[in-house]
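# A closer look at the structure
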Amino acid sequence: MTITPLMPVYPRCDVRPVRGEGPYLYGEQGEKYLDFASGIAVNLLGHGHPHLTKAIQDQAAKLMHVSNLYGSPQGESYAQRLVDLSFADTVFFTNSGAESVECMIKVMRRYHVVEGNPHKKEIITFKNAFHGRTMATISAANQEKLHDGFEPLLPGFTYVEFDNLDAAREAISENTAGFMVEPIQGEGGIRPASKEFMQGLRKLADEHGILLGLDEVQCGVARTGTFYAYEQYGIEPDVLASAKGLGGGFPLGACLATEKAAQGMVFGTHGSTYGGNPLAMAAGEAVLDVVAKDEFLDQVKTMGERLRSGLEQMIGNHPDMFESVRGMGLMLGIRMKTDPRAFVGWLRGRGLLAVAAGDNVMRVLPPLNIGEEHVREFIDGLSKAASEYEKPEDQ
Ligand SMILES: *Cc1c(COP(=O)(O)O)cnc(C)c1O
């Protein structure tokens, strides 16, 4: 037998972390890495954060899981906080991003059934989007590499150009249920939608009686300097998928919706065995205790500006390698002249972790509670690594 016990679907790199502390990861032999990947925008408080760790330890000892057969004081408390922090009136808890998107799709379709328009099933999604790896969420994305070998896909998705309002308008038909869009495409290469586009989608949705669903799985939860990214676009969605940073490393997702959008989600329409269990709720609450504060969000904006200007300065010294810096808050991407994977590997060898994405972009996604010194350490390391990468013979 040659297959590995871990199903070999990931081309895993040679970093093998066994311990973490703040923004640092340590490998099996004690190798130290500055982690500006954060488990792909998940570990927003870094590693081993005392408040989050203690909340999980205390709750694990008290009560981990009971199922959704019973009342949930933990879920009620945490859902209320998310409702207070957002556009939403109601929340469904999941264990991942893809499940949150699945719930969003179900909310959008059932809404129209209850409205008396059961033919409105088509969801308009955008090119280069990423919504997860389940059958519905790969069907929702137009990327061939996600589909290959998994056909038949689920019907009911129409793909149009991202950030192109005319294309979105033209795609609306009498069968359209709504739009599903990442305000900032993550896997697609840190591409923020324009304000005109997001406000235009809101207006189109209102005019046509269809729903605006946002996938904020990567850009949500304080990453861009506001609790959700939509706040910076001056709009509110009808439904939103959240996950990644929500549990700070504990698997936790949520589908947030207005009362109107969720009108079809009555007893028996949806469910999850683990979803919203007391342990997950404790992790979610502990993350909110830290991040859902103006001072914290302001600090994310400040550090985002520092990091961005440092990156912009750095790329100016290496015009043959880098093209531009883009993103919002601490969700940043450096567009490179070529595929970023080789350089991301080069950085790893020098103790710096970042993540490759589409469109030749290297993502820089640090924990949100980094300090000035970590920004400096990353920029200095990156500058040095870039010089060595360009002229390896000088080493
Ligand atoms: C990561 C991601 C998902 C999928 O989340 P999983 O937890 O891997 O299922 C969905 N949408 C976006 C925008 C993401 O970045």
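Residues numbered from 1 in each chain as written. Predicted model: local features only at pLDDT ≥ 70, side-chain atom pairs only at ≥ 80, totals over all residues. Heavy atoms only, no water.

Just so we agree on the cut-off: UniProt positions are given in the numbering used here, feature names are shortened, and annotations may be inferred rather than shown by experiment.
As annotated in an unreviewed UniProt entry, the protein carries the name Acetylornithine aminotransferase and comes from Sphingomicrobium lutaoense. Taken from UniProt, the Subcellular location (unreviewed entry) comment for the protein reads in full: "Cytoplasm".

## Re the nonpolar core
For clarity, the threshold we go by: Nonpolar cores are built from buried Ala, Val, Leu, Ile, Met, Phe, Trp, Tyr and Cys residues. Side-chain atoms within 4.5 Å join them into one set. Here the term buried applies to any residue with accessible area under 20% of the maximum for its type, exposed to any over 50%, and partly exposed to those in between, with areas from a 1.4 Å probe on protein chains only. Residue ranges assigned to each domain were obtained from an automatic or database domain assignment. For this analysis, residues touch if any pair of their heavy atoms sits within 4.5 Å.
If you look at the biggest cluster of nonpolar residues, it comprises 100 residues, and the most contacted ones within it are Phe126, Phe179, Val291, Leu307, Leu311 and Met362. Counting residues domain by domain, this core receives three or more from each of domain 1 (17-49 + 294-390) and domain 2 (63-291). Apart from the residues within four sequence positions on either side, Leu311 is in contact with Val325, Leu332, Ile334, Val364, Phe378, Ile379 and Leu382. By size, the runner-up hydrophobic cluster in this structure holds 22 residues, among which are Val101, Val107, Tyr111 and Val217.

## What about the UniProt feature "binding site: pyridoxal 5'-phosphate" (unreviewed entry) in the protein?
Where we set the bar: Computed over the protein atoms alone on a 1 Å grid, cavities are sets of points where a 1.4 Å probe fits but cannot get out and pockets are open sets with protein on both sides within 12 Å along at least five of seven lines; a residue lines them when it has an atom within 4 Å of a point. Put simply, DSSP marks the helices as runs of H or I at least four residues long and the strands as runs of E at least two long, and each gets a number from the N terminus on.
Sequence positions flagged by UniProt for "binding site: pyridoxal 5'-phosphate" (unreviewed entry) are, in local numbering, Gly97, Ala98, Phe130, Asp215, Glu216, Val217, Gln218 and Thr273. Maximum C-alpha separation among the annotated residues is 25.2 Å over a sequence range of 177 residues, too wide for a single clustered spot. From the list above, the largest cavity is lined by Thr273. Its place among the elements puts Asp215 in strand β10 (residues 211-215). Apart from residues no more than four positions distant in its own chain, Asp215 is found in contact with Val101, Met104, Phe130, His131, Val181, Glu182, Pro183 and Ala241.

## A word on the layout of surface pockets
Condition: Grid points are joined across faces, edges and corners, and a volume is the space filled by probe spheres set on the points. Only Asp, Glu, Lys and Arg are considered charged, only Ala, Val, Leu, Ile, Met, Phe, Trp, Tyr, Cys and Pro nonpolar, and every remaining residue, Gly among them, polar.
Put simply, the second largest pocket is a space of about 750 Å³. Looking at the second largest pocket, it is lined by 27 residues, and the ones nearest its centre are Asn68, Thr90, Val91, Phe92 and Phe93. Mapped by element, the contributors of at least two residues to the lining of the second largest pocket are α3 (73-85), β4 (90-94), α4 (97-114) and β12 (253-257). For the lining of the second largest pocket, the element with the most residues is α3, which contributes five residues. A class-by-class count of the residues in the lining of the second largest pocket yields 14 nonpolar, twelve polar and one charged.

## Quick look at the site of the ligand
Stated precisely, the cut-off is as follows: The rule for a residue being near a molecule or strand is that one of its heavy atoms must lie within 4 Å of it. Polar contacts, as counted here, are pairs of nitrogen or oxygen atoms within 3.5 Å of one another; within protein the pair requires one atom able to donate a hydrogen and one able to accept it, and residues that are adjacent in sequence qualify only if both atoms are side-chain atoms. Here the Shrake-Rupley method, with its probe set to 1.4 Å, supplies the accessible areas, and only the displayed protein chains count as covering residues.
The local shell around the ligand consists of Ser96, Gly97, Ala98, Phe130, His131, Gly132, Glu182, Asp215, Val217, Gln218 and Lys244. Here a nitrogen atom of the ligand and a side-chain polar atom of Asp215 are 2.7 Å apart. Contact between the ligand and Gln218: an oxygen atom at 2.8 Å from a side-chain N or O atom of the residue. Against a free-state accessible area of 380 Å², the protein chains account for coverage of 81% of the ligand.

## Some points on the pattern of salt bridges
Filter applied, for reference: When a carboxyl oxygen of Asp or Glu is within 4 Å of a side-chain nitrogen of Lys or Arg, the pair counts as a salt bridge.
Enumeration according to the criterion identifies 19 salt bridges in this entry. The salt bridge involving Glu285 is made with Arg81; its shortest N-O contact spans 2.5 Å. Of the two residues, Glu285 is situated in helix α9 (residues 278-291) and Arg81 in helix α3; the sequence distance between them amounts to 204 residues. Residue classification places Arg81 among the partly exposed positions, given a relative accessible area of 27%.

## Remarks on the domain arrangement of the protein
How we decide: Defined in terms of a 1.4 Å probe, buried area is the accessible area two parts forfeit on being brought together, summed over both.
We note that the domain assignment places domain 1 (17-49 + 294-390) and domain 2 (63-291) within the protein. The straight-line distance from the C-alpha centre of domain 1 to that of domain 2 is 27 Å. If you look at the interface, domain 1 gives 28 residues, while domain 2 gives 27 residues. Taking both partners together, domain 1 and domain 2 bury about 2300 Å²; carbon and sulfur atoms supply 67% of that area. Taken together, the links from domain 1 to domain 2 amount to one salt bridge. Linking Glu187 and Arg363 is a salt bridge whose minimum nitrogen-to-oxygen distance equals 2.9 Å. The interface formed by domain 1 and domain 2 holds eight residue pairs in polar contact (both at pLDDT 80 or more) in total. Among the secondary structure elements, those contributing two or more residues to the side of domain 1 that touches domain 2 are α1 (38-41), α10 (294-316), β13 (322-328), β14 (331-336) and β17 (361-364). Residues of the side of domain 1 that touches domain 2, tallied by class, amount to 17 nonpolar, seven polar and four charged.

## So, empty space enclosed by the protein
Enumeration according to the criterion identifies one cavity of 30 Å³ or more in this entry. In this model, the largest cavity occupies a volume close to 70 Å³. Here the residues of the lining of the largest cavity are counted per class, giving four nonpolar, ten polar and no charged.

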